[in-house]
Amino acid sequence: MATRSLFVRAQNIEWNPTRIASFPNLRVLAWQNDILYASRGYALLRAKLDKNASTIDWEPVGRYQPAAWRSITSLSRLPSRLFRDGFHALAALSSGHLVAAVPRAIVTLKPGENEFRVSHRLLRGTRPLHLATTPSNHIFWGEYFDNSRRDEVHIYASTDRGAHWDVAYTFRKGAIRHVHNIVYDEWENCFWVLTGDHGSECCILRASCDFKNVDLVLSGSQQTRSAALIPTRDALYFSSDTPLETNHVYRLDRREDISEVATLNSSSTYGCLVGNAIFFSTMVEPSAIASDRTVGLYGSVDGVDWQCILQRKKDRLPMGLFQYGNAFLPDGKNAAGLLAATMIAVEHGDLETSIWRV
């Protein structure tokens with residue numbers, strides 16, 4: 001297959017990425033070193049990758065058996081978008097266990113098995129946005145639901161590889177609306193917890209790995225309303241996620257000095273690290289501020305010079321029903337040196353995963 005580049009040249013750094021492969025109806029979920037996990041409906045696949053790869057072969061890993069009607073809707077692109085079908089988050093443990101979020105449930109696949117089994121039914125909301133793990137294979141996720149009454153919000157944990165779940169931490173009633181993300185930081189051996197959505201609910205907190213100590217670091221602004229954060233050795237990079245103001249990428253160094261490093265065209269909910277390069281994607285959502293109807297992918301090789309290196313136009317389907325335009329970026333630790341992204345609700349390449357050599 002001939003490769004083609006949809007990237008534009010940066011002002012100060014010449015980006016020369018090449019798309020090496022694309023796969024329709026495939027959503028990326030997580031890296032585990034040089035293994036990339038992705039899903040097609042309720043089937044989980046994986047491929048072993050490296051930056052010199054000329055071909056990519058996907059092998060089946062396991063599947064989840066949903067309700068009968070979801071088995072039907074997940075087979076077609078538009079019904080699957082309408083009903084938010086498929087896998088939405090994945091954690092790959094060093095023990096070989098896989099833990100995933102599907103509509104209304106957390107499911108677990110044991111080594112040697114091929115069918116995910118429900119280990120927790122969600123009582124509020126349809127799914128957490130992300131799953132976080134520690135090197136000791138403890139898993140955490142935060143509740144993400146509408147929460148218009150601002151009830152208490154829980155963070156759940158499993159210390160037995162996803163078999164059982166207990167509440168590890170609770171935000172008191174009125175404290176936050178919901179949890180956007182929990183990110184493990186290998187340099188400080190801690191978690192960063194991102195919450196929203198308004199005023200003092202917009203928090204970035206540092207938590208010990210057992211959640212016995214949780215400290216507020218930033219809060220109180222739409223610019224601290226974040227869903228994507230990337231730890232590096234010297235600093236944290238996070239993007240704001242607000243339809244109410246112009247969005248930015250921020251650098252928070254290890255002394256907790258903060259600086260704005262990039263301006264984004266709209267809200268951002270996904271980020272990833274490829275080698276030393278940092279990437280954040282933006283989405284198209286209802287906003288009185290952002291008139292740009294393109295999904296963007298922003299990157300930097302040094303955290304200083306940032307460029308929008310890929311853009312796709314939102315399709316014409318109503319976003320409330322058929323999802324916001326977005327670019328999903330995988331969680332986990334990437335040792336392959338490749339960029340993987342899945343576009344959704346865009347005019348060209350809807351629900352298509354592309355792999356780029358950067």
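Overview of the structure. (Residues numbered from 1 in each chain as written. Predicted model: local features only at pLDDT ≥ 70, side-chain atom pairs only at ≥ 80, totals over all residues. Heavy atoms only, no water.)

**A few points about a nonpolar patch on the surface**
Test applied: Patch membership is restricted to residues that have no salt bridge and whose relative accessible area is over 30%. Joining uses 9 Å for like charges and 5 Å for the nonpolar side chains Val, Leu, Ile, Met, Phe, Trp and Tyr. The protein chains shown are the only cover counted for residues, whose accessible areas, like all others here, come from Shrake-Rupley with a 1.4 Å probe. Throughout this description, the term salt bridge denotes a Lys or Arg side-chain nitrogen within 4 Å of a carboxyl oxygen of Asp or Glu. Helix numbers and strand numbers start at the N terminus; a helix is a DSSP run of H or I with at least 4 residues, a strand a run of E with at least 2. Remark: exposure states derive from per-residue accessible area (1.4 Å probe, protein chains only) relative to the maximum for the residue type, with buried under 20%, exposed over 50%, and partly exposed in between.
A grouping of Trp 69, Leu 82, Phe 83 and Leu 321 is seen on the molecular surface, where their side chains present a nonpolar patch of about 360 Å² in accessible area. Along the chain, Leu 82 falls in helix α2 (residues 77-82). Residue Leu 82 is classed as partly exposed on the basis of its relative accessible area of 30%.

**Here's the deal with the sheet that holds strand β1 (residues 18-24)**
To keep things clear, this is the line we draw: Pairing between strands requires that DSSP locate at least two bridges from one strand to the other. Helix axes use the C-alpha atoms of the stretch in contact, all axes being lines fitted to C-alpha atoms, and the angles between their N-to-C directions lie in the range 0 to 180 degrees.
The four strands lie next to each other as β1-β29-β28-β26, forming an open sheet whose pairing is antiparallel. Taken across any chain shown, the strands that pair with only one partner, and hence form the sheet edges, are β1 and β26 (326-328). Across this sheet, the average inter-strand angle for adjacent strands is 25°, counted without regard to direction. Sheet topology places strand β28 (residues 338-344) next to strand β29 (residues 352-357); six bridges connect them, and they run antiparallel. Following the sheet pairing, Leu 339 is matched in β29 by Trp 356.

**Observations concerning unusual backbone geometry**
That bond from Gly 196 to Asp 197 is cis: its omega, 25°, falls within 30 degrees of zero. Inspection of the secondary structure assignment puts Asp 197 in the loop between β15 (190-196) and β16 (203-207). Residue Asn 189 is not a glycine yet carries a positive backbone phi of 50°. Structurally, Asn 189 is set in the loop between β14 (178-185) and β15. When its relative accessible area of 45% is taken as the criterion, Asn 189 is described as partly exposed.

**Quick look at empty space enclosed by the protein**
One simple way to see leftover space: roll a probe sized like a water molecule over the atoms. Convention followed: Whether a set of points on the 1 Å grid over the protein atoms alone is a cavity depends on a 1.4 Å probe fitting there but being unable to get out, while an open set qualifies as a pocket with protein on both sides within 12 Å along at least five of seven lines; lining residues are those with an atom within 4 Å of a point. Grid points are joined across faces, edges and corners, and a volume is the space filled by probe spheres set on the points. Here the term charged refers only to Asp, Glu, Lys and Arg, the term nonpolar to Ala, Val, Leu, Ile, Met, Phe, Trp, Tyr, Cys and Pro, and the term polar to all other amino acids, Gly among them.
Applying the stated criterion across every chain yields a total of three cavities of 30 Å³ or more. Considered as a void within the structure, the largest cavity measures approximately 60 Å³ in volume. Every residue lining the largest cavity is listed: Arg 27, Val 28, Leu 29, His 88, Ala 89, Leu 129, His 130, Tyr 270, Phe 328, Leu 329, Pro 330 and Asp 331. The element contributing the most residues to the lining of the largest cavity is strand β2 (residues 27-33), with three residues. Its residues assigned to classes, the lining of the largest cavity shows eight nonpolar, two polar and two charged. Computed from the structure, the second largest cavity encloses a volume of approximately 50 Å³.

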